[in-house]
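Tertiary structure, described
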Amino acid sequence: MEASVEKGYRVAVVGATGAVGEAMLDILAERKFPVSEIAALASNQSLGREVSFGRKSVVVDDLATFDFKGWDFALFSAGGSVSAEHAPRAVAAGCTVIDNTSHFRMDPAVPLVIPEVNGDILKDFAGGIIANPNCSTIQMLLAVAPIHRRVGVARINVCTYQSVSGAGRAAMEELGRQSADRFNFRDPEPEVFALPIAFNVLPAIDVFEENGYTREEMKMHRETRRILGSETIGVNATAVRVPVFVGHGEAVHLETVAPISVEEVAELLGSAPGVTLLPGNELATPMTHAAGKDQVWICRLRRDLTHPQGLDFWVVADNVRKGAALNAVQIAELLIAQAA
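What you are looking at is a predicted structure, and each value in this text was computed from that prediction instead of being measured.

Analysis parameters
Residues numbered from 1 in each chain as written. Predicted model: local features only at pLDDT ≥ 70, side-chain atom pairs only at ≥ 80, totals over all residues. Heavy atoms only, no water. Helix = DSSP H or I, 4+ residues; strand = E, 2+ residues; numbered from the N terminus. Expected span 1.5 Å × (residues − 1). Buried < 20%, exposed > 50% of the residue type's maximum accessible area, 1.4 Å probe, protein only. Arc of directions from axis to C-beta. Axes fitted to C-alpha atoms, helices over the stretch in contact; angles between N-to-C directions. Parallel < 35°, antiparallel > 145°, perpendicular 65-115°, else oblique. Left-handed = near helix turned anticlockwise from the far one by under 90°. Contact = heavy atoms within 4.5 Å. Pairing = 2+ DSSP bridges. Salt bridge = Lys/Arg side-chain N within 4 Å of Asp/Glu carboxyl O. Core = buried A, V, L, I, M, F, W, Y, C linked by side-chain atoms within 4.5 Å.

1. Some points on the environment of K56
On the secondary structure map, K56 appears in strand β4 (residues 56–62). For the pair formed by K56 and A29, sequence separation is 27 residues and the distance between their alpha carbons is 9.7 Å.

2. Some thoughts on helix α5 (residues 169–183)
Across its 15 residues, α5 extends 22 Å between first and last C-alpha, which sits within 8% of the 21 Å expected from 1.5 Å per residue. Taken as a whole, α5 has its buried residues at A171, E174, L175, Q178, S179 and D181. What you see down the axis of α5 is that its buried residues fit within an arc of 160°, all on one side. Directly beyond the C-terminal end of α5, a positive phi value near 60° is found at F185.

3. Things to note about the packing of helix α4 (residues 135–151) against helix α6 (residues 215–228)
One way to put it is that α4 packs onto α6 with a least axis distance of 11 Å and a crossing angle of 40°. Relative to α6, the element α4 is oriented oblique. The way α4 lies across α6 gives a crossing that is right-handed. Here S136, T137, M140, L141, A145 and H148 of α4 come into contact with α6, specifically with E216, K219, M220, E223, T224, I227 and L228.

4. Considering the pairing of strand β9 (residues 234–241)
With respect to burial, β9 is a largely interior element, six of its eight residues being buried. The pairing of strand β8 (residues 153–162) with β9 spans eight bridges and is classified as parallel. Bridging from a neighbouring strand, V158 pairs with A237 of β9.

5. Here's the deal with the sheet that holds strand β2 (residues 35–42)
What holds strands together in a sheet is hydrogen bonding between their backbones, with the strands either parallel or antiparallel. Read across the sheet, seven strands follow the order β3-β4-β2-β1-β5-β6-β7 without closing on themselves; strand pairing throughout is mixed. Looking at which strands have only one partner, the edges of the open sheet turn out to be β3 (50–53) and β7 (129–131). Adjacent strand axes in the sheet meet at a mean angle of 30° when their direction is disregarded. Pairing geometry for β3 and β4, over four bridges, is antiparallel. Across the sheet, residue V51 finds its bridge partner in β4, namely V58.

6. Side note on the pattern of salt bridges
Per the stated rule, a full pass over the model turns up 16 salt bridges. In this structure, the salt-bridge partner of E264 is R150, at a minimum N-O distance of 2.6 Å. With E264 in helix α7 (residues 262–270) and R150 in helix α4, this pair connects stretches of sequence that are 114 residues apart. Using a relative accessible area of 27% as the deciding quantity, one classes E264 as partly exposed. Taking the relative accessible area as the measure of exposure, R150 reaches 46% and is therefore partly exposed. K219 is the partner of E216 in a salt bridge, and the nearest nitrogen-oxygen pair spans 3.8 Å. With E216 and K219 both in helix α6 and three residues apart, this pair spans about one turn of that helix. We note that E216, like K219, is buried. If you follow the salt bridges from partner to partner, you end up with D206, R215, E216 and K219 in one network.

7. Description of the nonpolar core
Note on soluble globular proteins: their nonpolar side chains tend to be buried together. In this structure, F68, M140, V144, I156, V252, L254 and F313 are the most contacted members of the largest nonpolar core, which totals 56 residues. Tallying contributions element by element places α4 first for this core, with nine residues.

8. Quick word on the side chain of K219
A relative accessible area of 16% means that K219 is categorised as buried. Aside from chain neighbours lying at most four places away, what touches K219 is S102, R105, N134, T137, D206 and T224.

In structure tokens:
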């Protein structure tokens, strides 16, 4: 990487035709990431398609035959099985991989990073794979981490209200199609989801584990412990899919280890990086605040009436941007800042 500092970096985006991959390309251009060369990679089914990188068009190349030798960064967002097969190949060629799938997140040899929360763990990073956390975990911990650092957090109860974009482009198309069906008095036929999503909510995301929680819910529990470096903090999650195109909402109820006033929490969140706390009774919603924005929005901060050290608040964020693509780009930015 050091040899590329003056001229820029060669960056490959894996899964470039998906919603997150397209967002990665957009964000790299928007933030003027020092790119000397960009590669858009996908399966051979997308070979020859064009995607946008700023004002340029990039022709999609075949991931299966792509040679990562000489490339600095590879941002992966094409599914866990793709990352499992090709991320080690990229690393073996000398490329740093930032992976947006769940495949490497619980690997103790792979850093799991939210730059604003635990970016310091990369100070001795010598190359390899870095994992992006789950989108719901990212937005929750941007709000929770400042409180945890100050007084400790013992337990989190969270209910997520997750948009269909978290399930990919086909899920967004299904919501649009089913909405049209409803308006035209036709029964929607689910394909991506097990049940109709238009004008409905689905109280489970991903497959069920043996304990009755879904994999999405357990991701939040396990990843929170890893990122905050605590084996005692508990995350009790219920993940719900809602008929929103982009942006996740979360109702967060937490209990702190030591007492802290609502006013002090407001001061902490008001100065926390990547976070905007709305005052009073102002409301943040996925569509009006989060969609297309980079920050995490918090509102309805208040004392939990049922617990002397309980706090409640509402959090929204664009799951495709901060929940995936932006976090990956910020990790790469952190690495090049450290190398400077």
